[in-house]
Amino acid sequence: MSNKLDQSQPYALGLFRIVIGLLFACHGAASLFGVLGGAHGGGTIEAGTWPGWYAAVIQLVGGGLVLIGALTRSAAFICSGSMAYAYFKVHQPEGLFPLENSGEASAFFCWAFLLLVFTGPGAFAVDKLLGSRGETRVTSRDQDAEHQRKAATA
């Protein structure tokens, strides 16, 4: 069972990346264009206002890049940082814990994007098709570990 799950890991990671990118891009589109209920329950954020408009641009562009798996690690790093900023500057002054300060989404997105920085895009990514540096490289040490694991289970 564990071997099958290990083989499915790139596909699960790819689906995770797609969902996180789509949800994040939707937040940006709502704030910038007033779709999907708009910003904070309706309307849009005025162009150039700090930090809301810039955060919305990062959400739309960064979320879109993560969604398609292009420049995944770099985009995820910027998205993670923007959500850390949002948590500590907007939510944390209202209370220490995310449930107290309504910062669950910021905290979740921050950690989800940080995970993608370290794991790479998984399957179904433009990075993989183009052979980008953003893809996860298999090193000889990784191959040695895989051979050892197979030998132990045989």
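To be clear, the structure that these remarks concern was listed above.
In this report, we go over the structure that sits alongside the text. Bear in mind the structure is a predicted one, so any value in this text is a computation, not a measurement.

## A look at the packing of aromatic side chains
Okay, so step 1: Within this structure, the stated rule accounts for nine aromatic pairs.
Okay, so step 2: Taken together, a centroid distance of 5.1 Å and an interplanar angle of 85 degrees make the contact between Trp 53 and Tyr 54 edge-to-face.

## Remarks on the nonpolar core
Okay, so step 1: Ranked by internal contacts, the top residues of the largest apolar core, which has 15 residues, are Phe 24, Val 66, Ala 76, Met 83, Phe 109, Phe 113 and Leu 116.
Okay, so step 2: Elements with a contribution of two residues or more to this core: helix H1 (2-33), helix H3 (72-91) and helix H5 (104-119).
Okay, so step 3: Per-element accounting of this core gives the leading share, six residues, to H5.
Okay, so step 4: Excluding its chain neighbours within four sequence positions, the residues that come into contact with Ala 76 are Val 66, Phe 113, Leu 116 and Val 117.

## Considerations on the packing of helix H2 (residues 52-68) against H3
Okay, so step 1: One can describe the packing of H2 onto H3 by two numbers: an axis separation of 9 Å at closest approach and a directional angle of 145 degrees. In the packing of H2 onto H3, the handedness of the crossing is left-handed. Along the contact surface, H2 presents Ile 58, Gln 59, Gly 62, Gly 63, Leu 65 and Val 66, while H3 presents Thr 72, Ala 75, Ala 76, Ile 78, Cys 79, Ser 82 and Met 83.
Okay, so step 2: Taken together, the residues that form the contact of H2 with H3 break down as eight nonpolar, five polar and no charged.

## Comments concerning unusual backbone geometry
Okay, so step 1: The omega angle of the peptide bond from Trp 50 to Pro 51 is -5 degrees, so this bond is cis rather than trans.
Okay, so step 2: Examined against the element boundaries, Pro 51 turns out to sit in the loop between H1 and H2.
Okay, so step 3: Positive phi, normally seen in glycine, also occurs at Leu 71, with a value near 50 degrees.
Okay, so step 4: With respect to the element layout, Leu 71 can be found in the loop between H2 and H3.
Okay, so step 5: In this structure Leu 71 comes out as exposed when scored by relative accessible area, which is 52%.
Okay, so step 6: Positive phi is not limited to glycine here, since Phe 124 has a value of about 65 degrees.
Okay, so step 7: Following the sequence through the fold, Phe 124 ends up in the loop between H5 and helix H6 (126-130).

Quick notes on the rules
Residues numbered from 1 in each chain as written. Predicted model: local features only at pLDDT ≥ 70, side-chain atom pairs only at ≥ 80, totals over all residues. Heavy atoms only, no water. Phe/Tyr/Trp six-rings, centres within 6.5 Å; stacked < 30°, edge-to-face > 60°. Core = buried A, V, L, I, M, F, W, Y, C linked by side-chain atoms within 4.5 Å. Buried < 20%, exposed > 50% of the residue type's maximum accessible area, 1.4 Å probe, protein only. Helix = DSSP H or I, 4+ residues; strand = E, 2+ residues; numbered from the N terminus. Contact = heavy atoms within 4.5 Å. Axes fitted to C-alpha atoms, helices over the stretch in contact; angles between N-to-C directions. Left-handed = near helix turned anticlockwise from the far one by under 90°. Nonpolar A, V, L, I, M, F, W, Y, C, P; charged D, E, K, R; others polar.

None of the figures reported here should be taken as evidence of function without further support.
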